[in-house]
Each structure stands twice: as structure tokens, then as C-alpha cells.
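What the coordinates show
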Amino acid sequence: MRIGIPRALLYYQYYPMWKTFFEELGASVQVSSPTTRTTLAMGSERLVAETCLPVKVFCGHVLQLAGQVDRVFVPAVRSLEPKVLSCSKFLGLPDLVRAVLPEAPSLLDPEIDLDRRSSEDKDWLPPTSSEISLRVRWTFYQTIYRVGSHFTRDPRRVKEAAGRAWQAHQDYLFLMQTGLTPPEAIAWWEGDGDSPREEDEHVLALIGHPYNLYDAYITHNLVTKLRELGVSIVTSEMISPEELRQGILDLTGQPYWTYEDEVVGAAGHYLRDERVDGLIAVGSFGCGPDSTLLDVVRRAAREARRPFMNLVIDEHTGEAGLITRLEAFVDMITLRKRRQRR
Ligand code: SF4
């Protein structure tokens, strides 16, 4: 079976794991090509204008795969831990794709909902931590076997594939914690990585979801442009889950949204990190959760008197305007550091 993986949304978090799992089960995996103007236009014209940019991009990538694969992998990630939910776009992603892209290949669309029992059970009591881990593990295994059953009836093969996929994910996380961005870590993981970079003059924390930060087309090569301006970047992928959790505790007390650690957790951590000269947050127009979360980050940065810039991107964001803002921010950091040295 040929499985298509759209190079959008959760691709940046889980691609090595998904690819390993499907290939171990005998499937061939095809990833859509990097985003272009055409990809975005194809997705945008099927959706109402208010839809967030990453979902428009995702739909364009699904269309890219039409005619090339047997099924496209579009999971519905509802929750990855009890009482913490994904945004509505993730919850209904397969339904949305089926509704607006009738010509899309058939979907492989597992539902991943590790909060299921707590939301369905009216007499639900907060579980103890050992109950949480048992229940979460059980739900997780059920999901894996359901997906695996599309490829084999042998549960041992599914188990082995899942074990290798998990190892691939751990390797990928390790690569990112050495300071690589997700696209760089994927290149390394596929045996095609560049040499490590030298330290730059400034260090800035990039705050936002990976699908916003690392899609070179929609951000006009933000990461490369910052490096050309003499900036080393640090991101949520480069710190540990414990540090992200502490960052959330510092800023909001507890997580409410799945993937909140990429925004609030990373910001909470880097606001305390003296190596970091400032924070750049990237959100997308039409994103409900980020409009709240990035405001929390903005206020925290102001209280901590740390330089902060918020970029909101949509399909009309111009490259020239973005470069001007980046250059101005980096100039301001340079002046600030000079003043502090005097
Ligand atoms: S979190 Fe925001 S940007 Fe991401 S899918 Fe949901 S609405 Fe879109």
C-alpha cells in the first residue's frame, strides 16, 4: 500500500515515527513536496477565508498527493493527555478534508483521544497518576493496533513496528535537542544532514507551532533569514519535556491545549534563560488558541522586560515587510546589548 503523508501540521512533530511504522508494516511512504504558492492556493480556494493558514496549507498538501498514493494519513488528534484538548481543527481534520476535498485519496484517519473516558463518563473522578499512565498506554496501544490492522492481521508485527517507530521518534527528539530544527533533524535522520553551525552573535527564541515556524514558504524562510542576520535560534524542540512543563507552570499554571508547550512552555522557559536576547513569536491569522496564548506570552515578556516581537502570518504576508521587521528587531537587540555592556 502507498501511504501519503502531507508535509504540514503534525508532519514536523512525528514524521520519522510515522514513516518507520508504515514502512515496517510493508507500506511505501510518500511525502508531499515542500509548500509552494500553488499548494497554498489549492488549499485556500476550498476553505472559508477565516480558516487558519496551516489548515489551508494542509489541504493543499493532501491535494498534491491525489493520484499518487492509495491512502493519505490524516489522524484526528483529539487529546494526548487527560483534560488537555486539541483545537477544533485537529479534532475534525479528517471530516474537514473529506468535506472540502472530495477528490482526495481515501484517508487513513485514526482518532487519537487519550481523554476519551474523562469526557464521556459523567461520574468521572480525577484519576491518579498511575491510572492515567495505564489508561493512556492502553488507549495508545489500541490506536496503534487499529492502524496496524490495515496492513497485517499479525499483532506481533504491529508490536515490532510500533517499537521501531518509537525508537525512531526518540532518535528524532534527541537530534532536535542537540540544537537542530525539525527539518534539519529530519535531514540528519535520513542521512543527509549539514555540519553543526557555529555560534552567532545573538540568540533569539522562536516561539510557535512547528508547522508555522518551519514551513519555509509561509514564513519566507524565517529561520534562514535570522541566521543571515547573525542570530542563533532556540526553539521548543531543543528543550526537555520537563523544562516545557515548567515553562507552562510559570506562565499559565496548567496546560489547556494540546501542543501548548510549543508556545507557552517554550516562552516560559526562554524568558528565564539569560543566554536568550529576545523572543519572536509566530502565530497564524485565524488561530483561536494562539490569539490567547501569544497574548499571555506578550504580557509575560513585558513584565520580564525582555525584547519580544509577535509576527502574525497569513497568505498575504509580504516578504519585504517581514525582513524589515526582523532587521529592526535585531538592530534593537544589538543596541540594547551595547548599552548593557557600557
Ligand atoms: S492551533 Fe491554531 S494554527 Fe494550529 S490548527 Fe488550530 S487553529 Fe490552526
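Preceding block: the structure.
Computed from a predicted model, the values in this text were never measured in an experiment. (Residues numbered from 1 in each chain as written. Predicted model: local features only at pLDDT ≥ 70, side-chain atom pairs only at ≥ 80, totals over all residues.)

Turning to the sheet that holds strand β3 (residues 71–73), a few remarks are in order. As a general point, the strands of a sheet are linked pairwise by backbone hydrogen bonds and lie either parallel or antiparallel. Taken together, four strands build an open sheet; the order of strands is β2-β1-β3-β5 and the sheet is parallel. Every other strand in the sheet has two partners, leaving β2 (28–31) and β5 (106–108) as the edge strands with one partner each. Averaged over neighbouring strand pairs, the angle between their axes works out to 35° when direction is ignored. As paired strands, β3 and β5 are joined by three bridges and run parallel to one another. By the bridge assignment, Phe 73 is partnered in β5 with Leu 108. (Pairing = 2+ DSSP bridges. Helix = DSSP H or I, 4+ residues; strand = E, 2+ residues; numbered from the N terminus. Axes fitted to C-alpha atoms, helices over the stretch in contact; angles between N-to-C directions.)

Another aspect to go through is the sheet that holds strand β8 (residues 231–234). Pairing is parallel in the open sheet, where four strands are placed in the order β8-β7-β9-β10. Two strands in the sheet have a free side with no partner beyond their single neighbour: β8 and β10 (308–313). Strand-to-strand twist across the sheet, computed as the mean angle between neighbouring axes with direction ignored, equals 30°. Pairing of strand β7 (residues 202–207) with β8, which is carried by four bridges, proceeds in the parallel orientation. Opposite Leu 204, over in β8, you have Ile 233 as the bridge partner. Where helix α14 (residues 288–303) meets the sheet, its contacts fall on β7, β9 (278–284) and β10, and the angle it forms with β9 comes to roughly 165°. Lying over the sheet, helix α15 (residues 319–341) contacts β7, β8, β9 and β10, oriented at roughly 170° with respect to β10. (Contact = placed C-beta atoms within 7 Å.)

Once that is clear, we can look at the nonpolar core. In a soluble, globular protein the nonpolar side chains are often hidden away together inside. Residues Ile 207, Ala 267, Leu 279, Ile 280 and Val 297 are the most contacted members of the largest nonpolar core, which totals 93 residues. Among the domains, domain 1 (2–177) and domain 2 (200–341) are the pair contributing at least three residues each to this core. In contact with Val 297, other than residues within four places in its own chain, are Ile 207, Val 263, Val 264, Ala 267 and Ala 281. (Core = buried A, V, L, I, M, F, W, Y, C linked by C-beta atoms within 7 Å. Buried ≥ 20, exposed ≤ 12 C-beta atoms within 10 Å, placed from the backbone. Domains from an automatic or database assignment.)

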